[in-house]
Amino acid sequence: QVQLVESGGGSVQAGGSLRLSCASSGYNVSSGAMGWFRQAPGKEREGVACINSDSVTHYAHSVKGRLTISKDNAKNSLFLQMNSLKPEDTGVYYCAATRGRRDGYWSSLLIDEFDYWGQGTPVTVSS
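A short tour of the structure in this document, coming up. (Residues numbered from 1 in each chain as written. Predicted model: local features only at pLDDT ≥ 70, side-chain atom pairs only at ≥ 80, totals over all residues. Heavy atoms only, no water.)

Taken across its 6 residues, strand 8 (residues 77-82) has 5 buried, putting it largely inside the fold. For strand 7 (residues 67-72) and strand 8, the ladder comprises 6 bridges, and the chain directions are antiparallel. Paired with I69 across the two strands is L80, which belongs to strand 8. Count of turn residues in the strand 7/strand 8 antiparallel hairpin: 4 residues, of which N76 carries a positive phi of about 50°. (Buried < 20%, exposed > 50% of the residue type's maximum accessible area, 1.4 Å probe, protein only. Helix = DSSP H or I, 4+ residues; strand = E, 2+ residues; numbered from the N terminus. Pairing = 2+ DSSP bridges.)

Below, the structure written as structure tokens:
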């Protein structure tokens, strides 16, 4: 059974930083592709960043240069380093993973491309 558990969320002021973690069990982070999504209050869930099986990364335009996705195969975990946070980054952040490999130049921030989801960790950025 695949379990993805996010942690590291919290409340920060604008300009601050947070590091989100996603611990995986029953799923090998070195095999498939993984991503971070977020859902702001009253809005639809949106893709933030993804990393494929070959560790090629892709970011939403709104976070490029401020957020960095990475994975640690030894720890079987996914991370999202968030710097220069803005109030519009507020939301619940979800970790997601694909069932199979996605390599080469594959990238996607579409919800339907991902098969496994965590429960989310909240992030609040105040101005």
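This next bit is on the side chain of R66. Tracing the backbone through its elements, the reader meets R66 in the loop between strand 6 (57-59) and strand 7. Relative accessible area serves as the criterion here: at 11%, R66 is assigned to the buried category. Apart from residues no more than four positions distant in its own chain, R66 is found in contact with Q81, M82, N83, S84, L85, K86 and D89. (Contact = heavy atoms within 4.5 Å.)

A full pass over the atoms with the stated rule returns 6 salt bridges. A salt bridge links R101 to D54; the nearest nitrogen and oxygen atoms lie 3.5 Å apart. Highlighted residues: R101 in the loop between strand 9 (91-97) and strand 10 (116-117) and D54 in the loop between strand 5 (46-51) and strand 6, separated in sequence by 47 residues. Classification of R101 by relative accessible area gives partly exposed; the value is 45%. Of the charged contacts in the structure, one is a salt bridge between R99 and D115, with a shortest N-O distance of 3.5 Å. (Salt bridge = Lys/Arg side-chain N within 4 Å of Asp/Glu carboxyl O.)

Moving on: the side chain of E6. Position of E6 relative to the elements: it lies in strand 1 (residues 3-7). R45 is the oppositely charged side chain nearest to the buried, salt-bridge-free E6, at an N-O distance of 7.4 Å. Within the local environment of E6, its side chain forms a polar contact with the backbone nitrogen of Q119, the two atoms lying 3.1 Å apart. Looking at E6, its side chain comes within polar contact range of the main-chain nitrogen of G120, at 2.9 Å. Excluding residues within four positions of it along the chain, E6 makes contact with S21, C22, W36, Y93, Y94, C95, G118, Q119, G120 and T121. (Lys, Arg positive; Asp, Glu negative; His and termini not counted. Polar contact = N/O pair within 3.5 Å; in protein donor to acceptor, adjacent residues only side chain to side chain.)

A few words now on the state of the cysteines. Counted according to the given criterion, the structure contains 1 disulfide. Two residues, C22 and C95, share a disulfide whose sulfurs are 2.1 Å apart. Since a negative S-S torsion denotes a left-handed disulfide, the C22-C95 link at about -70° is left-handed. One end of the pair, C22, is in strand 3 (residues 18-25); the other, C95, is in strand 9, with 73 residues separating them in the sequence. A residue is classified by how much of its surface remains accessible, and C22, at 0% relative accessible area, is buried. Of all cysteine sulfurs, the one in C95 lies closest to C50, which takes part in no disulfide; the gap is 12 Å. (Disulfide = S-S within 2.5 Å.)

Any functional reading would require information beyond the geometric quantities listed.
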